[in-house]
Amino acid sequence: MSQHNFFVIAMTWLFTGTIVLVVLGQPYTAYYPYCSNTDNYTMASEYQVNLVSLMSDLPQGAINNRGFYTSMAGEAPDRVYGLTMCYVDRNWTQCQDCVRAAAAGVQQTCPFSREMEACYDACILRYSNVPFFSVADPTTAVYMFLRSSVVSDAPSMVAARQTLMSQLAAGAAAAESSPQLLGLANGSVGYTDSLGAQQVIYGLTQCTRDLNASECTRCLTETVNDLSSTFPNDTYGAVKAYSCYVVYSVGGDFLTITLPP
Ligand SMILES: *[C@@H]1O[C@H](CO)[C@@H](O)[C@H](O)[C@H]1NC(C)=O
Ligand SMILES: *[C@@H]1O[C@H](CO)[C@@H](O)[C@H](O)[C@H]1NC(C)=O
Ligand SMILES: *[C@@H]1O[C@H](CO)[C@@H](O)[C@H](O)[C@H]1NC(C)=O
Ligand SMILES: *[C@@H]1O[C@H](CO)[C@@H](O)[C@H](O)[C@H]1NC(C)=O
Ligand SMILES: *[C@@H]1O[C@H](CO)[C@@H](O)[C@H](O)[C@H]1NC(C)=O
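Predicted, not measured: the structure shown is a model, and the values here were computed from it.

J.: Lay out the site of ligand 5 with the relevant residues and their values.
T.: The environment of ligand 5 is made up of Val150, Pro232 and Asn233. One of the side-chain N or O atoms of Asn233 is found 2.3 Å from an oxygen atom in ligand 5. Isolated, ligand 5 exposes 370 Å² of accessible area, and the fraction of that covered by the protein chains is 31%.

Right under this line is the structure:
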């Protein structure tokens, strides 16, 4: 798969409404991170000490906990809360590398920010001075698709995709009831296109494991709806939000699920 990665481009809507295209291939760079820019912490402050301490715990915590972890460091008013999650369509090596690199790089990604939310190729990393666990943030960080790869029969694909992704959204929400289920659902659905060819769409939905079913649903409802508006006929599309993730692939290329050990 890696040799095809450069066909994947990322797109985000900036506040001006401009579409920005970025060629991927920098696995440890945050895609358009949210960095707070008021109430910045200062060099050698208690907040910075706590942030460094939190970032040294989070990667191993996630590696010991099947690719997801929440933690906190220090005491109020300088307590820092942190969360990290790996995407299950990346392999375990990529997961471990991502959480380590993201945590090690937070102060470069968002220098002196009291809050950060970032999505990377293989993981999510967030921290804040305000407790945020268990509440979904459905804000989209990035959209990903394959350049110039579109289906010939868009209405059939879109209908099949809507059926599949709504089922998977419900499945991921239900999976939040048990830590072993990892807050995710994957599956596939077949359809016949207008040329009479049999096609199969594969899909994955994943929520951070701190959410309950209704918060997971709230996040996935927005991201699944984004598929219809953003990917009218693409063979592959992914939406990375800060609390959930959806991806589909006609034919299944580029969507390999590796459950963490
Ligand atoms: C994980 O994925 C990367 C990128 O596709 C690949 O280079 C690497 O060989 C894979 N590692 C394992 C253990 O599958
Ligand atoms: C806070 O830090 C960010 C990132 O370094 C910077 O862009 C911003 O101007 C700072 N804000 C204030 C109020 O100093
Ligand atoms: C789910 O979590 C949200 C946010 O923490 C909370 O407001 C809501 O009451 C919870 N719902 C249930 C059914 O526990
Ligand atoms: C989900 O992905 C796993 C790992 O690839 C696979 O074994 C399983 O069959 C998939 N589940 C469905 C319902 O397709
Ligand atoms: C795919 O959708 C785009 C945007 O609506 C459209 O411009 C393009 O013609 C479509 N391509 C095909 C092959 O349907």
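From this point, the discussion proceeds with the structure in view.
J.: Which residues make up the pattern of salt bridges, and what values go with them?
T.: Within this structure, the stated rule accounts for 6 salt bridges. A salt bridge links Arg90 to Asp121; the nearest nitrogen and oxygen atoms lie 2.9 Å apart. In this pair, Arg90 is assigned in the loop between β5 (80-86) and α2 (92-104) and Asp121 in the loop between β6 (116-119) and β7 (123-128), connecting sequence segments 31 residues apart. The same class applies to Arg90 and to Asp121, which are both buried. The salt bridge partner of Glu117 is Arg126, with a shortest N-O separation of 3.0 Å. You'll find Glu117 and Arg126 in the same group, each marked buried. Taken together, the shared-partner salt bridges in this structure form one network comprising Asp89, Arg90 and Asp121.

J.: Describe the sheet that holds strand β4 (residues 68-73), and please don't skip the residues or the numbers.
T.: Here we have 5 strands laid out as an open sheet, ordered β3-β6-β7-β5-β4, and antiparallel in their pairing. Looking at the sheet topology across the chains shown, the edges are occupied by β3 (31-35) and β4. The mean inter-strand angle of the sheet, taken between neighbouring strand axes irrespective of direction, is 10°. Helix α1 (residues 46-64) rests against β4, β5 and β7 of the sheet, and its axis sits at about 155° to β4. Along the sheet, α2 makes contact with β5 and β7, crossing β7 at roughly 30°.

J.: Can you tell me about the nonpolar core, naming the residues and giving the values?
T.: Counting 29 residues, the largest nonpolar core has Met165, Ile201, Leu220 and Tyr248 as the members making the most contacts within it. Residue assignment for this core shows that the elements contributing at least two residues are β8 (140-146), α4 (154-175), β9 (184-192), β10 (198-207), α5 (213-230), β11 (236-241) and β12 (244-250). A total of 8 residues in this core trace back to one element, the largest contributor, which is α4. Within the second largest apolar cluster, 26 residues are counted, among which are Leu58, Cys95, Val99 and Ala118.

J.: Before we move on, could you go through the packing of α1 against α2 and cite the residues and values that matter?
T.: In contact at an axis separation of 8 Å, α1 and α2 are set at 165° when each is read in the N-to-C sense. The pairing of α1 with α2 is recorded here as roughly antiparallel in orientation. Taken as a pair, α1 and α2 cross one another with a handedness that is right-handed. For the pair α1 and α2, contact is made by Met55, Pro59, Gln60, Ala62 and Ile63 and by Trp92, Gln96, Val99, Arg100 and Ala103, respectively. Looking at the contact of α1 with α2, its residues break down into 7 nonpolar, 2 polar and 1 charged.

Cut-offs and rules
Every chain begins its residue count from 1, and numbering advances along the sequence as written. Chains and ligands are labelled sequentially in the order written, the chains with letters from A and the ligands with numbers from 1. Owing to the predicted nature of the model, reporting of local features is limited to residues with pLDDT of at least 70; listing and counting of side-chain atom pairs is limited to 80 or more, with chain, interface and lining totals taken over all residues. Processing note: side-chain calculations cover all non-hydrogen atoms of the structure and skip hydrogens and water entirely. Distances are taken per atom, and a residue is near a molecule or strand as soon as one of its heavy atoms is within 4 Å of it. N or O atoms within 3.5 Å of each other form a polar contact, as long as, within protein, one can give a hydrogen and the other can take it, and as long as residues adjacent in sequence are counted only when both atoms are side-chain atoms. Using a 1.4 Å probe, accessible areas were evaluated by the Shrake-Rupley method; residue-level cover was limited to the displayed protein chains. Take a side-chain nitrogen of Lys or Arg and a carboxyl oxygen of Asp or Glu: if they are within 4 Å of each other, that pair is a salt bridge. Where helices and strands are cited, they refer to DSSP runs of H or I of at least four residues and of E of at least two residues respectively, numbered from the N terminus. Partly exposed describes any residue whose relative accessible area lies between the buried limit of under 20% and the exposed limit of over 50%, with all areas from a 1.4 Å probe on protein chains only and scaled to the type maximum. Whether two strands pair depends on DSSP finding at least two bridges between them. For every element, the axis is a line fit to its C-alpha atoms; helices are fit only across the contacting stretch, and the angle between N-to-C directions ranges from 0 to 180 degrees. Residues count as neighbours in contact if any of their non-hydrogen atoms are within 4.5 Å of one another. We call a set of buried Ala, Val, Leu, Ile, Met, Phe, Trp, Tyr and Cys residues a nonpolar core when their side-chain atoms join them within 4.5 Å. What sets the label is the angle itself: under 35 degrees gives roughly parallel, over 145 gives roughly antiparallel, 65 to 115 gives roughly perpendicular, and the rest give oblique. Note on convention: the crossing is left-handed when the near helix lies turned anticlockwise from the far helix by less than a right angle, right-handed when the turn is clockwise. Residue type decides the class: Asp, Glu, Lys and Arg count as charged, Ala, Val, Leu, Ile, Met, Phe, Trp, Tyr, Cys and Pro as nonpolar, and the leftover types, Gly among them, as polar.

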